[in-house]
Amino acid sequence: MLKQAKLDRIIRWGIKWSMWPVHLVTSCCGVEVAHTSAPVFDAERWGVLPFNTMRQTNVILVEGTITRKMAKVLKWVYEQMPEPKFVIAMGACAVRGGLFWNSYHVVQVDTIVPVDAYIPGCPPTPEAVIRAFFMVGNKILGKPGPEVKPVKVDLTPYLPQPKPAAKPAAKPAAPAKPAAAPTAAATQAQPA
Ligand code: SF4
């Protein structure tokens, strides 16, 4: 009889090679996912089979900007996925908002659902997408992987700054004083 630890390893191995991502495509990054599955890169060789039924998938690939309205959809999709489930944030927009980082309606994916792998780039290459799946695979197997997290940059200086308060109008200049009369000593010092 198989020991529980061995059985657990086999189950994890099976999950690692059966990652079927559902796509949450909101922007242009989705095009690179099509390349990832096309013949040249053929991610299905590693068990990455694009899927479109959220209840039968274990990975959600977030491709593009997530707005406040889309955040609700992301949460809704995530909650319908069976366990174990994983999230990959693909592209600068999904990682930190990308071009729209300071827009009033853009949210970061990891504030809505837990993210297992980030793929930087605009757009990321198919190789980078495949690498992210391997990172998640290593996580499933319990192998230590590179801790790749987006660097938090202080963007405050680039945000619109409050305008300085208007200065009060300058007072009109005081009239010039008349020149002082020459003193007696100065008069005596004058040449004759
Ligand atoms: S990261 Fe670049 S390619 Fe990807 S969705 Fe944003 S703008 Fe488009």
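Just above sits the structure.
Residues numbered from 1 in each chain as written. Predicted model: local features only at pLDDT ≥ 70, side-chain atom pairs only at ≥ 80, totals over all residues. Heavy atoms only, no water.

Student: Where do I start with the overall build of the protein in this structure?
Tutor: Scanning the protein from N- to C-terminus turns up six helices and six strands. Surface exposure of the protein reaches about 13,100 Å², of which carbon and sulfur atoms provide 63%. (Helix = DSSP H or I, 4+ residues; strand = E, 2+ residues; numbered from the N terminus. Areas by Shrake-Rupley, 256 points an atom, 1.4 Å probe, with all protein chains shown as cover.)

Student: Would you mind showing me how to read the sheet that holds strand β6 (residues 117-119) here?
Tutor: The strands that make up a sheet pair up through hydrogen bonds in the backbone, lying either parallel or antiparallel. In space, the four strands of this open sheet follow the order β1-β2-β4-β6, with parallel pairing throughout. The outermost strands of the open sheet, each flanked by one partner alone, are β1 (21-25) and β6. The mean inter-strand angle of the sheet, taken between neighbouring strand axes irrespective of direction, is 20 degrees. Those strands touched by helix α2 (residues 30-37) are β1, β2 (59-63) and β4 (86-90), and its axis lies near 135 degrees from that of β2. (Pairing = 2+ DSSP bridges. Axes fitted to C-alpha atoms, helices over the stretch in contact; angles between N-to-C directions. Contact = heavy atoms within 4.5 Å.)

Student: Help me understand empty space enclosed by the protein in this model?
Tutor: Rolled over the atoms, a probe as big as a water molecule pinpoints where empty space is left. For the structure on display, the rule yields two cavities of 30 Å³ or more. Of the volumes computed, that of the largest cavity is approximately 40 Å³. Contributing to the lining of the largest cavity are P21, H23, V33, T36, S37, V48, P50, L61, V129 and F133. Looking at the lining of the largest cavity, the elements with two or more residues in it are β1, α2 and α5 (126-141). Counting residues per element, the lining of the largest cavity draws most heavily on α2, which supplies three residues. Residues that form the lining of the largest cavity fall into these classes: seven nonpolar, three polar and no charged. Looking at the second largest cavity, its volume works out to about 30 Å³. What lines the second largest cavity is K16, W17, M19, W46, V48, F133 and F134. (1 Å grid on protein atoms, 1.4 Å probe; cavity = no way out; pocket = protein on both sides within 12 Å on 5 of 7 lines; lining within 4 Å. Points joined across faces, edges and corners; volume = space filled by probe spheres on them. Nonpolar A, V, L, I, M, F, W, Y, C, P; charged D, E, K, R; others polar.)

Student: How should I be thinking about α2 in this particular structure?
Tutor: In an α-helix, one turn spans 3.6 residues, which is why side chains three or four residues apart end up on the same side. Along α2, the positions that sit buried rather than exposed are G30, E32, V33 and T36. In an axial view of α2, the angular spread of the buried residues amounts to 155 degrees, which keeps them on one side of the axis. The secondary structure elements touched by the buried residues of α2 are β1, β2, β4 and α5. (Buried < 20%, exposed > 50% of the residue type's maximum accessible area, 1.4 Å probe, protein only. Arc of directions from axis to C-beta.)

Student: I keep staring at the nonpolar core and nothing clicks. Help me out?
Tutor: The tendency in soluble globular proteins is for nonpolar side chains to be buried as a group. Within the largest apolar cluster, 20 residues are counted, with the highest numbers of intra-cluster contacts made by I88, M90, F133 and V136. For this core, the secondary structure elements donating two or more residues are β2, β4, β6 and α5. If one sorts the elements of this core by residue count, α5 sits on top with seven residues. The contact partners of M90, leaving out residues within four places of it in the chain, are C29, E32, V33, L61, V62, E63, G64, I119, P124 and V129. Formed by 19 residues, the second largest nonpolar core is a distinct cluster that contains I66, Y78, A94 and Y118. (Core = buried A, V, L, I, M, F, W, Y, C linked by side-chain atoms within 4.5 Å.)

Student: I'm lost on a nonpolar patch on the surface in this one. Help?
Tutor: A cluster of nonpolar side chains, W101, L155, Y158 and L159, forms an exposed patch at the surface whose accessible area comes to about 380 Å². Relative to the helices and strands, L155 is located in the loop between α5 and α6 (184-188). (Patch = residues over 30% accessible without salt bridge, like charges linked within 9 Å, V, L, I, M, F, W, Y side chains within 5 Å. Salt bridge = Lys/Arg side-chain N within 4 Å of Asp/Glu carboxyl O.)

Student: I tried to follow the site of the ligand on my own but got confused; where do I start?
Tutor: Every residue lining the ligand is accounted for by S27, C28, C29, G64, G91, A92, C93, G121, C122 and P123. When grouped by side-chain class, the residues that make up the shell around the ligand number six nonpolar, four polar and no charged. (Near = heavy atom within 4 Å.)

Student: What is the right way to look at unusual backbone geometry in this model?
Tutor: A negative phi angle characterises most non-glycine residues, just as the trans form characterises most peptide bonds. For the peptide bond that leads from E83 to P84, omega is -5 degrees, which places it in the cis range. With respect to the secondary-structure elements, P84 resides in the loop between α3 (68-80) and β4. Here C122 and P123 are connected by a cis peptide whose omega angle stands at -10 degrees. On the secondary structure map, P123 appears in the loop between β6 and α5.

Student: Honestly, the environment of K69 in this entry has me stumped. Any pointers?
Tutor: Inspection of the secondary structure assignment puts K69 in helix α3. Judged by relative accessible area, which is 68%, K69 ranks as exposed. For the pair K69 and V106, spaced 37 residues apart in sequence, the C-alpha separation works out to 9.2 Å.

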